[in-house]
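Observations on chain architecture
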Amino acid sequence: MGERRPGANNGMVPASIEKLTSIERRRFARCPVRCPRFEVRIRNLAEYITIMSVPGTLWYRGHTDLSWRLAPSALRFETEDQRTSALNLLAEFRRVGEIKLSRPPHWDEELKWVQLAQHYGVPTRLLDWTESPVIALYFACSSQETDGMVFVMNPVDLNRASFPSKPRVLDLHLDSKAISRYLSLTESGHSRRRLKTVAINPVWNSERLMVQKGVFTLHGTEFDLDDLQAPSLVAVPILREAKPTLQQDLERMGIDEMTMFPELEHACRFLKRRARLC
């Protein structure tokens, strides 16, 4: 994406793709994430891929409900006490994980522990993204009752604010000290200095993470991500009326619950749904 945004009205949207109606624009105005958005009516996978055909290093995140914030699970709680309690669950998870996990990380492998906690639903400072636009679309279409959104950003642009001399995606092996500063924040936002959200590469410690081409933003004292932190951030609206067609198109391309979630219970649920038994 670089220095330009694939945003609305910049000539990058083909004329064949319809614009949102005024009523639809009002529906998407409820989105709490501050960033530009495409004013387009995506009706099928072909139109979606056309919109997403933008060069550069891009990350994607799909929200099945446009009212959701771009904030990690531990930092979505309203009060500081709740956020602190959520972050403190990691210590409990590690104690239980030492017994329950067949191959637990070493005690000092903090990022691996946080990723595992995220995987099992414990609130953390991590927010999931993917390197695949179609995987983000899959998650944006997971519920057909609400309008959704797919967010797009350049992770290098995000990190330029914190590392202006050498902007790049952080890596545990090269940037362990920088990452540890975020993971050591035990309270919801207290720090001697401001820690802006950064993009980090994951440690490949689960099959699901690899299948979903998962990557993360790591949030510090800034809870919600917006275009002030990430200048390249844009949003692509996903109308609830288009979700059944988009989901069918994705399944034809092999993007479904059974491929996105390698665990057996997800495969069984997908097979029941395909047989119209649930």
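A brief report on the enclosed structure follows. A quick note: this is a predicted structure, and the numbers were derived from the prediction, not measured.

Residues Tyr48, Trp129, Val150, Phe151 and Leu233 are the most contacted members of the largest nonpolar core, which totals 50 residues. The set of elements that each furnish at least two residues to this core consists of α2 (45-52), β1 (59-63), β2 (126-130), α5 (133-140), β3 (148-153), β6 (234-238) and α9 (243-252).

The space that makes up the largest pocket amounts to roughly 750 Å³. Along the wall of the largest pocket there are 33 residues; nearest its centre are Arg61, Gln118, Asp128, Phe139 and Gln212. Looking at the lining of the largest pocket, the elements with two or more residues in it are β1, α4 (110-119), β2, α5, α8 (207-211) and β5 (214-218). Broken down by class, the residue content of the lining of the largest pocket amounts to 15 nonpolar, 14 polar and four charged. Along its surface, the second largest pocket is lined by 17 residues, and Gln144, Gln247, Glu251, Arg273 and Arg274 are the ones closest to its centre. Of all the secondary structure elements, the ones that give two or more residues to the lining of the second largest pocket are α5, α9 and α11 (264-274). Grouping the constituent residues of the lining of the second largest pocket by class yields seven nonpolar, four polar and six charged.

Turning to α2, a few remarks are in order. Listed in full, the buried residues belonging to α2 are Leu45, Glu47, Tyr48, Ile51 and Met52. Buried residues of α2, seen end-on, are gathered within an arc of 160° and therefore sit on one face of the element. Elements in contact with the buried residues of α2: β1, α5, β3, β6 and α9. One side-chain oxygen at the N-terminal end of α2 lies 3.2 Å from the backbone nitrogen of Ala46; it belongs to Asn44.

Here we take up the pairing of β2. Two faces belong to every sheet, and in a regular strand the side chains alternate between them. Counting buried positions along β2 yields four of five residues, so the element is predominantly enclosed. In this structure, β2 lies alongside β5, joined through five bridges in antiparallel fashion. When the sheet's bridge partners are listed, Asp128 is paired in β5 with Phe216.

Positive phi values are uncommon outside glycine, yet Lys213 reaches one of about 50°. Here Lys213 is to be found in the loop between α8 and β5. Overall, the relative accessible area of 41% leaves Lys213 in the partly exposed class. With phi around 60°, Arg276 is a residue other than glycine that occupies positive phi space. Looking at the secondary structure, you find Arg276 in the segment after α11. Assessed through its relative accessible area of 76%, Arg276 is described here as exposed.

Right, let's talk about α9 for a bit. Three or four residues apart is the spacing at which side chains of an α-helix point the same way, because the helix has 3.6 residues per turn. Those residues of α9 lying buried are Lys243, Leu246, Gln247, Asp249 and Leu250. The buried residues of α9 all sit within an arc of 160° when viewed along its axis, so they share a single face. Turning to α9, the residues buried within the fold contact α2, α5, β3, β6 and α11. Downstream of α9 by a residue or two, Gly254 has a phi angle that is positive, lying close to 85°.

A pair of packed helices can be characterised by two numbers: the angle between their axes and the separation between those axes. At a minimum axis distance of 10 Å, the contact between helix α3 (residues 80-100) and α4 shows a crossing angle of 90°. In terms of orientation, α3 and α4 fall into the roughly perpendicular class. Packed against α3, whose contacting residues are Leu90, Phe93, Arg94, Gly97 and Glu98, the element α4 presents Glu110, Trp113, Val114, Leu116 and Ala117 at the interface. When the residues that make up the contact of α3 with α4 are grouped by side-chain class, the tally is six nonpolar, one polar and three charged.

Procedures and definitions
Residues numbered from 1 in each chain as written. Predicted model: local features only at pLDDT ≥ 70, side-chain atom pairs only at ≥ 80, totals over all residues. Heavy atoms only, no water. Core = buried A, V, L, I, M, F, W, Y, C linked by side-chain atoms within 4.5 Å. Buried < 20%, exposed > 50% of the residue type's maximum accessible area, 1.4 Å probe, protein only. Helix = DSSP H or I, 4+ residues; strand = E, 2+ residues; numbered from the N terminus. 1 Å grid on protein atoms, 1.4 Å probe; cavity = no way out; pocket = protein on both sides within 12 Å on 5 of 7 lines; lining within 4 Å. Points joined across faces, edges and corners; volume = space filled by probe spheres on them. Nonpolar A, V, L, I, M, F, W, Y, C, P; charged D, E, K, R; others polar. Arc of directions from axis to C-beta. Contact = heavy atoms within 4.5 Å. Polar contact = N/O pair within 3.5 Å; in protein donor to acceptor, adjacent residues only side chain to side chain. Pairing = 2+ DSSP bridges. Axes fitted to C-alpha atoms, helices over the stretch in contact; angles between N-to-C directions. Parallel < 35°, antiparallel > 145°, perpendicular 65-115°, else oblique.

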